[in-house]
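Listed below, chain by chain, are the residues.
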Amino acid sequence: MKNSLNSMAALCVWIVCLTLTIVAPLVSAGTPDGGSIEALTGLKGKLNDAEGVFKVTFPRTDIKAAVAGVRMNPELGLTAWAAFTPAGDHTMVMGDIVLLESEVNPVMSVALDNGLDVTALHNHFLWDNPKVMFMHVGGMGNEEKLAGAVGKVFDKLRAIIRDKPKLPYTEID
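This section reports on the structure supplied with the text. (Residues numbered from 1 in each chain as written. Predicted model: local features only at pLDDT ≥ 70, side-chain atom pairs only at ≥ 80, totals over all residues. Heavy atoms only, no water.)

In this fold, Ala 111 is placed in helix α3 (residues 104-113). Along the sequence, Ala 111 and Val 153 sit 42 residues apart, while their C-alpha atoms lie 5.7 Å from each other. For Ala 111, the residues in contact, after removing those within four places along its chain, are Leu 116, Val 118, Met 135, Val 137 and Val 153. (Helix = DSSP H or I, 4+ residues; strand = E, 2+ residues; numbered from the N terminus. Contact = heavy atoms within 4.5 Å.)

In structure tokens, the structure reads:
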């Protein structure tokens, strides 16, 4: 019995040490540089002091979407965002980019070409018109590079909105 208690105690100590080894490098006393992130993304943001997260937002006021015939407000599901937080010596970014179907390929290409990971592409609604997609992006690294990459994603999105390209279609015989 004494041997099994000693083994359990040793296992507990090992688990605590392993947890601290993994978690300690991710904890950082700093906060993201909100001014730099705003300048590089071209978006206004807000710092959540309690969580050490700086979040920029991009309401899609240009999308006039309805879900099952009910008009959607940007504040109720049509706002793109990216959030930055320190992770040890690096910064982590995660975001959810609100896109129309025709915007997915060009915006995703910019994200990938600039080192962001695209971790999901899906929709949140059934019976939405037009179809609204949500592209999740993420990355870990230098704060300025990540903010610059996010800025290029939103620059591309703003250009698409401004230029209003023709929607692709297929003729059916």
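We now examine the sheet that holds strand β9 (residues 132-141). An order of β1-β2-β5-β6-β9-β7 is seen for the 6 strands of this open sheet, with the pairing classed as antiparallel. Unpaired on one side and paired on the other, β1 (45-48) and β7 (117-122) mark the two borders of the sheet. Recorded for the sheet is a direction-independent mean angle of 15° between the axes of neighbouring strands. Pairing of strand β2 (residues 53-59) with strand β5 (residues 79-87) involves 6 bridges; the strand directions are antiparallel. Paired with Phe 54 across the bridge in β5 is Phe 84. Sitting on the sheet, helix α4 (residues 143-163) is in contact with β2, β5, β6 (90-100) and β9, with an inclination near 10° to β6. (Pairing = 2+ DSSP bridges. Axes fitted to C-alpha atoms, helices over the stretch in contact; angles between N-to-C directions.)

Relative to the elements of secondary structure, Thr 41 occurs in helix α2 (residues 34-41). A polar contact is formed between the side chain of Thr 41 and the backbone oxygen of Ile 37, at a distance of 2.8 Å. Excluding residues within four positions of it along the chain, Thr 41 makes contact with Val 56, Phe 84, Ala 147, Val 150, Gly 151, Phe 154 and Arg 158. (Polar contact = N/O pair within 3.5 Å; in protein donor to acceptor, adjacent residues only side chain to side chain.)

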